[in-house]
Amino acid sequence: METSTRHAPADESGGAKGPADAIVPHMKILVIEDDLEAAAYMTKAFREAGIVADHASDGESGLFMGSENSYDVMVVDRMLPRRDGIAVISELRKRGINTPVLILSALGQVDDRVAGLRAGGDDYLPKPYAFSELLARVEVLGRRKGAPEQDMVYRVGDLELDRLSHEVRRAGREILLQPREFRLLEYLMKNAGQVVTRTMLLEHVWDYHFDPQTNVIDVHVSRLRSKIEKDFDKPLLKTIRGAGYMIKDEG
């Protein structure tokens with residue numbers, strides 16, 4: 001439990017949205033929060049916004065529900081009994097569950113946010129928070145997951161990414177990627193032949209709408225490049241100095 005939670009009134013910043021106003025229709029989310037008062041407030045406010053909200057009161061229960069059920073987004077408190085939020089997220093990712101996760105925590109320093117995001121979180125909202133902001137962030141994550149699918153398989157040269165099976169192969173050889181590496185490669189391949197800026201990666205791969213002032217992108221790009229180019233003669237992932245990155249087959 002994190003005691004510095006502020007229960008923002010439902011009408012803050014324009015009021016909680018009614019069902020007809022929810023941006024992402026038919027969303028179903030999981031709230032993992034051990035503070036029962038905070039959880040009751042959140043789930044009630046989400047439902048008033050037209051979002052189905054389940055609740056788990058500890059890490060083990062949240063891990064079970066998140067593994068056994070399909071959700072559009074999970075809202076996870078960081079400090080939980082039985083299993084802390086970071087451990088829950090890490091285990092979900094190890095199990096191949098890529099449901100977007102928003103971490104809610106009183107630990108709001110840069111190092112705390114980076115640790116949560118590196119564990120597999122997609123967004124991080126420090127406490128105290130306004131529900132209107134929490135709702136907006138959940139809707140953004142839900143839109144990303146609920147976006148209409150286009151090509152199920154992306155190809156750049158002899159590199160192939162299957163969005164359905166989450167398999168990546170180059171020249172027929174399987175390449176194992178971590179969930180964040182997969183999302184990074186998926187976004188780069190979706191925009192093959194185009195320069196992808198750091199801001200675009202922060203917004204679409206990490207769901208940041210601010211620059212965390214860390215080298216998290218460089219680290220992930222470096223790891224991804226080593227995996228998709230090791231033992232292959234032709235480089236595909238290029239750094240465009242002063243602009244960003246591009247994945248392209250030069251032919």
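Quick summary incoming for the structure in this document. (Residues numbered from 1 in each chain as written. Predicted model: local features only at pLDDT ≥ 70, side-chain atom pairs only at ≥ 80, totals over all residues. Heavy atoms only, no water.)

**Overview of the sheet that holds strand β8 (residues 167–170)**
And then number 1: Strand order across the open sheet formed by 4 strands is β6-β7-β8-β9, with antiparallel pairing between neighbours. With one partner strand each, in any of the chains shown, β6 (153–156) and β9 (173–175) form the two edges of the open sheet. Direction aside, neighbouring strands of the sheet carry axes that sit 25° apart on average.
And then number 2: Note that β8 and β9 share 3 bridges and pair antiparallel. Paired with R169 across the strands is E174, a residue of β9. (Pairing = 2+ DSSP bridges. Helix = DSSP H or I, 4+ residues; strand = E, 2+ residues; numbered from the N terminus. Axes fitted to C-alpha atoms, helices over the stretch in contact; angles between N-to-C directions.)

**Quick notes on the packing of helix α6 (residues 179–190) against helix α8 (residues 216–229)**
And then number 1: Closest axis-to-axis distance for the α6/α8 pair is 10 Å, and the angle between their directions is 80°. What the angle tells us is that α6 and α8 run roughly perpendicular. The segment α6 lies against α8, with R180, E181, L184, L185 and L188 engaging H220, V221, R223, L224, K227 and I228.
And then number 2: Residue composition of the contact of α6 with α8, grouped by class: 6 nonpolar, 1 polar and 4 charged. (Parallel < 35°, antiparallel > 145°, perpendicular 65-115°, else oblique. Contact = heavy atoms within 4.5 Å. Nonpolar A, V, L, I, M, F, W, Y, C, P; charged D, E, K, R; others polar.)

**Some words on the packing of helix α2 (residues 59–68) against helix α3 (residues 85–94)**
And then number 1: Viewed as axis vectors pointing N to C, α2 and α3 meet at an angle of 25°, and their least axial separation amounts to 10 Å. One finds that α2 runs roughly parallel with respect to α3. Handedness of the α2/α3 crossing: right-handed. Of the residues in α3, those in contact with G59, L63, G66 and S67 of α2 are V88, E91 and L92. (Left-handed = near helix turned anticlockwise from the far one by under 90°.)

**Let's talk about the packing of aromatic side chains**
And then number 1: One pass over the full model with this rule turns up 2 aromatic pairs.
And then number 2: An angle of 80° between the planes, with centres 6.0 Å apart, marks the rings of Y41 and F131 as edge-to-face. Residue Y41 is located in helix α1 (residues 36–48), and its partner F131 is located in helix α5 (residues 131–146); the two are separated by 90 residues in the primary sequence. Neither Y41 nor F131 differs from the other in exposure class; each is buried.
And then number 3: Judged by centre distance (5.1 Å) and plane angle (65°), the ring pair of F46 and F131 falls under edge-to-face. (Phe/Tyr/Trp six-rings, centres within 6.5 Å; stacked < 30°, edge-to-face > 60°. Buried < 20%, exposed > 50% of the residue type's maximum accessible area, 1.4 Å probe, protein only.)

**Thoughts on unusual backbone geometry**
Glycine aside, residues mostly have negative phi, and peptide bonds are mostly found in the trans state.
And then number 1: A cis amide bond links K127 with the next residue in sequence, P128, at an omega value of 0°.
And then number 2: Note on placement: P128 falls in the loop between β5 (123–126) and α5.
And then number 3: Even without glycine at this site, A171 takes up a positive phi of about 55°.
And then number 4: Residue position: A171 is located in the loop between β8 and β9.
And then number 5: Taking the relative accessible area as the measure of exposure, A171 reaches 53% and is therefore exposed.
And then number 6: Despite not being glycine, D231 has its phi angle at roughly 70°, a positive value.
And then number 7: Residue placement: D231 occurs in the loop between α8 and β10 (237–240).
And then number 8: Given the relative accessible area of 60%, D231 is considered exposed.

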